[in-house]
Amino acid sequence: MNNHRSIGLAVAQLGAVHLADSRASVVRRLVEMMREAKSRGADFVVFPELALTTFFPRYWITEEEAHERYFEATMPSEETRPLFDAARELGLGFYLGYAELTEDKRGFNTSIIVSPQGEIVGKYRKIHLPGHSDHKVDAPFQHLEKKFFEVGDLGFRVFDTQSVRFGMCLCNDRRWPETYRVMALQGAEVVVLGYNTPSVNIHWNEPVHLRTSTHLISLQANAYQNGVWVAASAKCGSEDGHHMIGSSAIVAPTGEIVARTVTEEDEVISTRADLDLGAMFREHVFNFAKHRRPEHYKLITERTGVGAPIA
Ligand code: CDV
């Protein structure tokens, strides 16, 4: 055994959450997986995006109805407190995605990091929101993240807890290299994220095998290029007939998948993440201070879409 710094890292994938499922029943499933993660030696567990309800942006409903049924006005609430109690009881930190309603009725697709003391130590609000805000009347379902959520206003920050520097993001953010690089430039060691990736998209036709492949490629490439661990947790399976991919995974800073789910149900995967594995890359091939050339990257912050070639 080496004496490297490490953390026991678990991903708790969640199977389908149907319209009829109560918050309390979902929280019970999450707590059960916290116990399973702890029994495997985990110190931290990663739950999915919008983990407490069905993936409601697929339904055309009013903002008021969505707020009433699917958003959290407080965290913890009566219904979510068992997660915080379990964290304290088990000495286990966690990441959780949920729909956040602020006091002034603004909606965000949010995630938090909670310490083993049951304190919220970090909050993130999703920045790369996919989908649309209008009603696609001819589509079999909607993807209304742009209707129900504002673009996150907290940036890609990092949070120190359990002697680890965590970064976090949500779902579609995982496909964008800027997400990870901004966090890696702040010394992130572990990037945690949750996702709901539908197998069918109303905007483009990508077969399921490719959807799984592009999901994993995004995690693997960005783990390697930033020397970070990436732990990604799906909500998956068929929610009232709407299927979402699984393949939750833990990826090492080498870009290798060290654990991956095999079901589309509630399933815990885990590993002991050697935090010095990332240091090896950050000190050599991806030594940012030595090798990055930001003077040649200006277009990345100046432009959103494709424009004219630079002179
Ligand atoms: N919830 C998501 O952000 N889903 C997107 C889909 C729409 C592609 C994803 O990146 O998986």
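Our subject is the structure that appears above.
First, a word on what this report is: a plain description of the structure on this page. Numbers given to residues run from 1 along each chain, matching the order in which its sequence is written. Confidence filtering applies because this is a predicted model: local features only for residues at pLDDT of at least 70, side-chain atom pairs given and counted only at 80 or more, and all residues used for totals across whole chains, interfaces and linings. As a rule here, side-chain values come from all non-hydrogen atoms in the structure, and water together with hydrogens is ignored.

**Side note on the overall build of the chain**
And then number 1: Secondary structure counts use DSSP, requiring at least four H or I residues in a row for a helix and at least two E residues in a row for a strand, with both numbered from the N terminus. When you go through the chain residue by residue, the secondary structure sums to nine helices and 14 strands.
And then number 2: In terms of C-alpha radius of gyration, the chain reaches 19 Å, essentially the compact-globule figure of 19 Å for 311 residues.
And then number 3: Taken over the C-alpha atoms alone, the chain extends approximately 55 × 50 × 40 Å along its principal axes.
And then number 4: Accessibility here uses a 1.4 Å probe with only protein chains present; expressed as a share of the type maximum, an area under 20% marks a residue as buried, one over 50% as exposed, and anything in between as partly exposed. Evaluated residue by residue, the chain yields a buried proportion of 55% over its 311 residues.
And then number 5: Working rule for contacts: check all heavy atoms of both residues, and any pair within 4.5 Å makes them a contact. Intrachain contacts of the chain at a sequence separation of at least 6 include 70% that bridge at least 24 residues.
And then number 6: Surface accessibility follows the Shrake-Rupley procedure with a 1.4 Å probe radius. Residue values consider only the protein chains on display as shielding. Summing over all exposed atoms, the chain offers an accessible surface of approximately 13,900 Å²; the carbon and sulfur share of this is 52%.
And then number 7: Here the chain holds 34 positive side-chain charges and 40 negative ones, and the gap between their average locations is 5 Å. As defined in this context, the radius of gyration uses C-alpha atoms, and a globule is described by 2.2 Å times the residue total to the power 0.38. Charged residues are defined here as Lys and Arg on the positive side and Asp and Glu on the negative side; His and the ends of the chain fall outside this count. The atoms used to mark charge sites are NZ of Lys, CZ of Arg, CG of Asp and CD of Glu.

**Focus on the packing of helix α5 (residues 177–184) against helix α6 (residues 208–226)**
And then number 1: Axis lines are fitted through C-alpha atoms, for helices just across the contact stretch, and the angle between N-to-C directions can take any value from 0 to 180 degrees. The N-to-C vectors of α5 and α6 enclose an angle of 30°; their axes lie 10 Å apart at closest approach. Classified by the angle their axes make, α5 and α6 are roughly parallel. In this structure, α5 meets α6 at a crossing whose hand is right-handed. Within the contact between the two elements, α5 uses P177, Y180, R181 and A184 and α6 uses S218, L219, N222, Q225 and N226.
And then number 2: Note on residue categories: nonpolar means Ala, Val, Leu, Ile, Met, Phe, Trp, Tyr, Cys or Pro, charged means Asp, Glu, Lys or Arg, and polar means any other residue, Gly included. Residue composition of the contact of α5 with α6, grouped by class: four nonpolar, four polar and one charged. Oblique is the label for any angle not under 35 degrees, not over 145, and not in the 65 to 115 range, which are roughly parallel, roughly antiparallel and roughly perpendicular in turn. Put simply, a crossing is left-handed when the front helix is turned counterclockwise from the back one by less than a right angle, and right-handed when it is turned clockwise.

**Let's talk about the site of the ligand**
And then number 1: Residues are classed as near a molecule or strand on a simple rule: at least one heavy atom within 4 Å of it. Looking at the ligand, there are 14 residues lining it, with K126, E145, C171, R175 and T197 nearest.
And then number 2: Nitrogen and oxygen atoms within 3.5 Å of one another constitute a polar contact, given that in protein one can donate a hydrogen and the other can accept it, and given that sequence-neighbouring residues count only through two side-chain atoms. The side chain of E145 places a nitrogen or oxygen atom 2.9 Å from a nitrogen atom of the ligand.
And then number 3: The contact in question runs from an oxygen atom of the ligand to an N or O atom on the backbone of N172, over 3.3 Å.
And then number 4: Taken by itself the ligand offers 310 Å² of open surface, and the protein chains cover 97% of this.
And then number 5: Each residue belonging to the shell around the ligand can be placed in one class, and the counts come to four nonpolar, five polar and five charged.

**So, the sheet that holds strand β12 (residues 249–251)**
And then number 1: Strand pairing is assigned whenever DSSP identifies at least 2 bridges connecting the two strands. The strand order β6-β7-β8-β9-β12-β13 describes an open sheet built from six strands, whose pairing is mixed. A strand with exactly one partner marks an edge of an open sheet, and here the two such strands are β6 (158–161) and β13 (257–260). Sheet twist, expressed as the mean angle between neighbouring strand axes with direction ignored, is 20°.
And then number 2: With five bridges joining them, strand β7 (residues 164–170) and strand β8 (residues 190–195) adopt parallel strand pairing. The residue bridging M168 from the neighbouring strand is V192, located in β8.

**Details of the sheet that holds strand β5 (residues 120–125)**
And then number 1: On the basis of which strands lie adjacent, the open sheet formed by six strands has the order β5-β4-β3-β2-β1-β14 and mixed pairing. Both edges of this open sheet fall to β5 and β14 (267–274), since each of them pairs with a single strand only. On average, each strand axis in the sheet is tilted by 25° relative to the strand beside it, whichever way the strands run.
And then number 2: Of the pairings in the sheet, the one linking strand β3 (residues 93–101) to strand β4 (residues 107–114) comprises eight bridges and is antiparallel in character.

**Topic: the packing of aromatic side chains**
And then number 1: What counts as a ring pair is set by centres within 6.5 Å for rings of Phe, Tyr and Trp (its six-membered ring), and what kind of pair is set by the plane angle: stacked under 30 degrees, edge-to-face over 60, tilted for all other angles. One pass over the structure, following the stated rule, counts eleven aromatic pairs.
And then number 2: Aromatic side chains F47 and F94 sit 6.0 Å apart centroid to centroid with 55° between the ring planes, which places their arrangement in the tilted category. Pair noted here: F47 is in the loop between β2 (44–46) and α2 (63–70) and F94 is in strand β3, with a separation of 47 residues, a long-range link. An identical accessibility class is assigned to F47 and F94; each is buried.
And then number 3: Measuring from ring centre to ring centre gives 5.6 Å for Y224 and F281, while their planes differ by 85°; the resulting arrangement is edge-to-face. You can see Y224 sitting in helix α6 and its partner F281 sitting in helix α7 (residues 275–283), a full 57 residues away along the chain.
And then number 4: Residue F281 is classed as buried on the basis of its relative accessible area of 14%.
And then number 5: Taken together, F56, Y70, F71, F148 and F149 form an aromatic cluster joined through their ring pairs.
And then number 6: Counted as over-ring charges are cases with an Arg CZ or a Lys NZ within 6 Å of the ring centre that also lie within 35 degrees of the ring normal. The ring of F288 carries R292 above its face, with NZ or CZ at 6.0 Å from the centroid.

**A look at unusual backbone geometry**
And then number 1: Across the junction of M75 and P76, the peptide omega takes the value 0°, indicating a cis bond.
And then number 2: Looking at where P76 falls in the secondary structure, it is placed in the loop between α2 and α3 (81–90).
And then number 3: Even without being glycine, C171 reaches a positive phi, approximately 45°.
And then number 4: Position of C171 relative to the elements: it lies in the loop between β7 and α5.
And then number 5: According to the relative accessible area criterion, C171 is buried, its value standing at 6%.
And then number 6: Residue D240 is not a glycine yet carries a positive backbone phi of 50°.
And then number 7: Along the chain, D240 turns up in the loop between β10 (237–239) and β11 (242–244).

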